[in-house]
Amino acid sequence: MAKFLAFAALFFFFFFFIVSPSIQTTSFRPKALVLPVSKDASTLQYVTQIKQRTPLVPVKLTLDLGGKYLLVDCEQAYVSSSYKPIRCNSAQCSLARSKSCGTCFSDPKPGCNNNTCMVLPANTVTRTGTAGEVAQDVVSVQSTNGINPGKVVSVSKFLFTCGSTFFLRGLASGVKGMAGLGRTRISMSSQFAAAFSFHRKFAVCLTSSSSNGVIFFGDGPYAFLPNNIDVSKSLIYTPLILNPVSTAPAFFQGEASSDYFIGVMGISINGKPVRLNTTLLSIDKEGHGGTKISTVTPYTIMETSIYRAVVNAFVKELSKVPRVPAVAPFGECFNAKSFGSTRVGPAVPQIDLVLQNKDVFWRIFGANSMVAVSKDVLCLGFVDGGLDPATSTTSIIIGGHQIEDNLLQFDLATSRLGFSSSLLFRQTTCSNFNFTSNA
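So, how was this worked out
- Residues numbered from 1 in each chain as written.
- Predicted model: local features only at pLDDT ≥ 70, side-chain atom pairs only at ≥ 80, totals over all residues.
- Heavy atoms only, no water.
- Pairing = 2+ DSSP bridges.
- Helix = DSSP H or I, 4+ residues; strand = E, 2+ residues; numbered from the N terminus.
- Contact = heavy atoms within 4.5 Å.
- Axes fitted to C-alpha atoms, helices over the stretch in contact; angles between N-to-C directions.
- Buried < 20%, exposed > 50% of the residue type's maximum accessible area, 1.4 Å probe, protein only.
- Phe/Tyr/Trp six-rings, centres within 6.5 Å; stacked < 30°, edge-to-face > 60°.
- Lys NZ or Arg CZ within 6 Å of the ring centre and 35° of its normal.
- Disulfide = S-S within 2.5 Å.
- Salt bridge = Lys/Arg side-chain N within 4 Å of Asp/Glu carboxyl O.

S.K.: Explain the sheet that holds strand 29 (residues 370-372) to me, please; I cannot follow it from the model alone.
M.R.: Within a sheet, neighbouring strands are paired by backbone hydrogen bonds and run either parallel or antiparallel to one another. The sheet built from four strands is open, its strands ordered 23-24-30-29 with antiparallel pairing. Of all the strands in the sheet, the pair left with one neighbour each is strand 23 (323-324) and strand 29. Alignment of strand 29 against strand 30 (residues 377-380), held across three bridges, turns out to be antiparallel. The partner of valine 371 across the bridge, within strand 30, is cysteine 379.

S.K.: Looking at this structure, how should I read the pairing of strand 12 (residues 177-180)?
M.R.: On a regular strand, each side chain points to the face opposite its neighbour's, so the side chains alternate between the two faces of the sheet. Sheet topology note: the strand 3 (residues 57-64)/strand 12 ladder contains three bridges and is parallel. From the neighbouring strand, leucine 63 faces strand 12, where its bridge partner is alanine 179. As defined by bridge partners, strand 4 (residues 70-73) adjoins strand 12 across three bridges and the pair is classed as antiparallel. Residue pairing across strands places leucine 70 opposite alanine 179, the latter belonging to strand 12.

S.K.: Would you take a moment to explain the sheet that holds strand 20 (residues 272-273) for this structure?
M.R.: As summarised here, the arrangement of the four strands in space is 20-19-27-28, forming an open sheet in which the pairing is antiparallel. Two strands in the sheet have a free side with no partner beyond their single neighbour: strand 20 and strand 28 (361-364). Two elements, strand 19 (residues 266-269) and strand 20, share two bridges in a ladder whose sense is antiparallel. Looking at the pairing, serine 268 lines up with proline 273 of strand 20. Packing against the sheet, helix 4 (residues 304-317) makes contact with strand 19, strand 20 and strand 27 (351-354), and its axis sits at approximately 20° to strand 19.

S.K.: What exactly am I supposed to notice about helix 3 (residues 188-196) here?
M.R.: One turn of the α-helix equals 3.6 residues, which is why residues spaced by three or four share an orientation. In terms of burial, helix 3 is a largely internal element, nine of the nine residues being buried. Those residues of helix 3 that sit buried are Met188, Ser189, Ser190, Gln191, Phe192, Ala193, Ala194, Ala195 and Phe196. Immediately downstream of helix 3, the backbone of serine 197 shows phi near 55°, a positive value.

S.K.: What is the right way to look at the packing of aromatic side chains in this model?
M.R.: The relative placement of two aromatic rings is captured by the distance of their centres and the angle of their planes. For the structure on display, the rule yields 20 aromatic pairs. Between the aromatic rings of phenylalanine 166 and phenylalanine 167, the centroid separation amounts to 4.7 Å while the plane-to-plane angle is 25°, which identifies the pairing as stacked. Over the aromatic face of phenylalanine 28 sits the side chain of lysine 151, whose NZ or CZ is 4.9 Å from the ring centroid. A cation sits over an aromatic face here: arginine 416 above tyrosine 237, 3.6 Å from the ring centre.

S.K.: Before we go on, may I ask you to explain the state of the cysteines in this structure?
M.R.: Put plainly, a disulfide is one covalent bond tying together the sulfur atoms of two cysteines. The final tally for this structure, using the stated rule, is six disulfides. Two residues share a disulfide in this structure: cysteine 93 and cysteine 117, whose sulfurs sit 2.2 Å from each other. Given an S-S torsion of about 85°, the disulfide between cysteine 93 and cysteine 117 has right-handed geometry. Remark: cysteine 117 occurs in strand 7 (residues 116-119) and cysteine 93 occurs in helix 2 (residues 91-95); sequence separation between them is 24 residues. With respect to burial, cysteine 93 and cysteine 117 carry one shared label: buried. Disulfide pairing places cysteine 205 opposite cysteine 430 at an S-S distance of 2.0 Å. Here cysteine 205 and cysteine 430 share a disulfide; its torsion about the S-S bond, -75°, makes the bridge left-handed. Taken together, the residues span a long stretch of sequence, with cysteine 205 in strand 13 (residues 201-205) and cysteine 430 in the segment after strand 34 (416-422) at a distance of 225 residues.

S.K.: Any chance you could explain the pattern of salt bridges here in plain terms?
M.R.: One side chain can pair with another of opposite charge once the charged atoms of both are near each other. Considering all chains together, one arrives at eleven salt bridges under this definition. Put simply, lysine 201 and aspartate 219 hold a salt bridge, and the shortest N to O gap is 3.2 Å. Residue lysine 201 is found in strand 13, and its partner aspartate 219 is found in the loop between strand 14 (213-218) and strand 15 (223-224); the two are separated by 18 residues along the sequence. Look at lysine 201 and you get buried, because its relative accessible area is 15%. Among the ionic pairs, aspartate 359 bridges to lysine 358, the shortest N-O distance being 3.6 Å. Its relative accessible area of 67% is what places lysine 358 among the exposed residues.

Right under this line is the structure:
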């Protein structure tokens, strides 16, 4: 019996050590964390900010919903007394699913050390990738009660990947890396949950303006002004689907996708089903097909046959509305003065992504389906995937514009997505979280 208890204690210690590489450094245990996220007007990327290192410095990051981990430029002015490279064959390296070790041919420095754990970081905007060193350092963020930000908390051994400065090409001005929230054990969302022992959930609410939207790590409430509406109480749920084949620009063989896929079974325009090749909506054994959600893709991209069917059905519903010459990257544009205005944007046909059954659908209203390219021209905000190599494996990529002012909750424990549809219906937006601190 004594041997069993000793073994059980050892097993618990070892299990906790492996699944919790990030240890909190403050006695206060938050129930949730919060980060602001804003839209960069020139790149249409969503940018957030954390504090990292010793001493702490602000680090701006492009949000990558399906990104595998926190990726930071270590080549340019990375100075920290708490930086530590992760060694090959360590528990942390195993957690990162590394399959290679690194050797450095210059003096040791952040991002360049011998016998270190290596992974394959990627800039998912430009779709470029190479090898990078796994390391740990201090990360500091604000806690929240779901209504206001609270005390600042720190994680002393937060795992991340060191990238080179060239990774920043194509990213928003001032950005020093990418905030990966994907389906891995060392994504930011997974590490925060492990560090503070809260629910393996996070929620993203992106804004369509330069005002701050919000990212929550942990369970609700997710409250928005003017009346502290708790959006977490009225979400619609659909299963998250695991793609067994990586969709990243660089990956190890046998690696599953870190992107978030959902089971879109069909598409309707004004309640009328669109005829599609439904085999494209499923993920095949090679990882092709299906529907994923992306924050690095500005507008929804569809495989060519799906795109044409949806656009033709949409245009048919607007047969009396004058069309105008298309404005790239869009294929169909209209005279903006032909549309009335509603609480949820231009009065255009509703687009429904039909999910696990006909009664569960994600409704896209005019604010999310249309893009104002000028004061006189509105375009349908979908892009033909034949023009973008990113869709060579995925049939539908739901882009940032289509999820703005929608709250999306990703529940990693139960593998399901909760979504609100447009918050404009509730007379609030993603920019209405009260960032006035109550600490």
